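Observations on the model geometry
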Amino acid sequence: MSSISETQSQAQAVADRQSKSRIPFPMAGEAAYLHFNHKGIAALEVAAAGILPDWMDRGFSGFGLIERLTLDGNAAMIRAILDNGLKRLNEDGKLVPMAEIDLDEIDWPMGDIARPALEVICYAYHGESYSEALERMTASLVDSKSNPEEVEHA
């Protein structure tokens with residue numbers, strides 16, 4: 001039998017995962033979120049491969065390709081992100097596709113879509129948000145520059 005604190009810890013862990021796997025997207029409305037499950041990620045990979053068919057030859061990972069196209073402001077990638085990731089909470093508290101937004105009518109700046117999208121796409125791939133990944137990689141670079149002997153021997 002689990003204690004109350006273990007149950008609370010488990011509930012907090014679920015809440016933490018949910019807070020990183022979806023991000024509010026107020027440009028699309030009060031109840032709008034960006035969220036990617038495995039099906040949504042697969043759709044992004046298909047879209048990205050359609051944009052850059054030789055991506056594997058160029059050394060990209062699936063996430064790396066999506067990241068690059070998103071940061072470059074590739075309109076087809078941004079559209080795929082909105083098509084597959086824009087969700088709303090329904091009455092049951094489940095995330096469902098946000099059909100009430102006409103994606104052909106939006107005029108949001110692509111940069112305003114890119115950063116929150118990368119936060120949740122990175123989480124879907126790596127279990128950490130884009131901000132966390134950048135922070136970790138930056139710290140790793142700083143450490144390697146301050147301790148070059150450790151990097152050479154590693």
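Taken in spatial order, the 4 strands make up an open sheet running β1-β2-β3-β4, and their pairing is antiparallel. One side of each edge strand has no neighbouring strand; the edge strands of this open sheet are β1 (22-24) and β4 (95-97). Sheet twist, expressed as the mean angle between neighbouring strand axes with direction ignored, is 45°. Both β1 and strand β2 (residues 32-35) contribute to a ladder of 3 bridges, which runs antiparallel. Directly across from Pro-24, in β2, lies its bridge partner Tyr-33. The strands touched by helix α4 (residues 75-85) within the sheet are β2 and β3 (86-89), with β3 carrying the most contacts at an inclination of about 25°.

Right, let's get into the pairing of β3. Within a regular beta strand, the side chains point alternately toward one face of the sheet and then the other, so they alternate between its two faces. Relative to β3, β2 runs antiparallel, the two sharing 3 bridges. Bridging from a neighbouring strand, Leu-34 pairs with Leu-86 of β3. Where β3 and β4 come together, 3 bridges link them in antiparallel fashion. Bridge assignment links Lys-87 to a residue of β4, and that residue is Pro-97. Joining the antiparallel neighbours β3 and β4 is a turn of 5 residues, in which Gly-93 adopts a positive phi near 80°.

This part covers the packing of helix α3 (residues 62-71) against helix α5 (residues 110-126). For any two helices packed against each other, one specifies the inter-axial angle together with the distance between the axes. Between α3 and α5, whose axes approach to 10 Å, the crossing angle comes to 180°. On the basis of the axis angle, α3 is roughly antiparallel to α5. Residues Gly-62, Phe-63, Ile-66, Glu-67, Thr-70 and Leu-71 of α3 form the contact with α5, whose own contacting residues are Ala-114, Leu-118, Ile-121, Cys-122, Tyr-125 and His-126. The residue inventory of the contact of α3 with α5, partitioned by class, reads 8 nonpolar, 3 polar and 1 charged.

Moving on to helix α2 (residues 38-51). Spanning 14 residues, α2 covers 20 Å between terminal C-alpha atoms, matching the ideal 20 Å at 1.5 Å per step. Every buried residue of α2 is listed here: Gly-40, Ile-41, Leu-44 and Ala-48. For α2, the angular spread of buried residues about the axis comes to 100°, placing them on one side. In α2, the exposed positions that point more than 90 degrees away from the buried face belong to His-38, Lys-39, Val-46 and Gly-50. Looking at the buried positions of α2, the neighbouring elements they touch are α3, α4 and α5.

Another aspect to go through is the pattern of salt bridges. A full pass over the atoms with the stated rule returns 5 salt bridges. Note that Asp-54 is salt-bridged to Arg-58, the shortest N-O span being 3.1 Å. Since its relative accessible area comes to 31%, Asp-54 is described here as partly exposed. Arg-136 is paired through a salt bridge with Glu-128; the nearest N and O atoms lie 2.4 Å apart. For Arg-136, a relative accessible area of 47% puts it in the partly exposed group.

Conventions we followed
- Residues numbered from 1 in each chain as written.
- Predicted model: local features only at pLDDT ≥ 70, side-chain atom pairs only at ≥ 80, totals over all residues.
- Heavy atoms only, no water.
- Pairing = 2+ DSSP bridges.
- Helix = DSSP H or I, 4+ residues; strand = E, 2+ residues; numbered from the N terminus.
- Axes fitted to C-alpha atoms, helices over the stretch in contact; angles between N-to-C directions.
- Contact = heavy atoms within 4.5 Å.
- Parallel < 35°, antiparallel > 145°, perpendicular 65-115°, else oblique.
- Nonpolar A, V, L, I, M, F, W, Y, C, P; charged D, E, K, R; others polar.
- Expected span 1.5 Å × (residues − 1).
- Buried < 20%, exposed > 50% of the residue type's maximum accessible area, 1.4 Å probe, protein only.
- Arc of directions from axis to C-beta.
- Salt bridge = Lys/Arg side-chain N within 4 Å of Asp/Glu carboxyl O.

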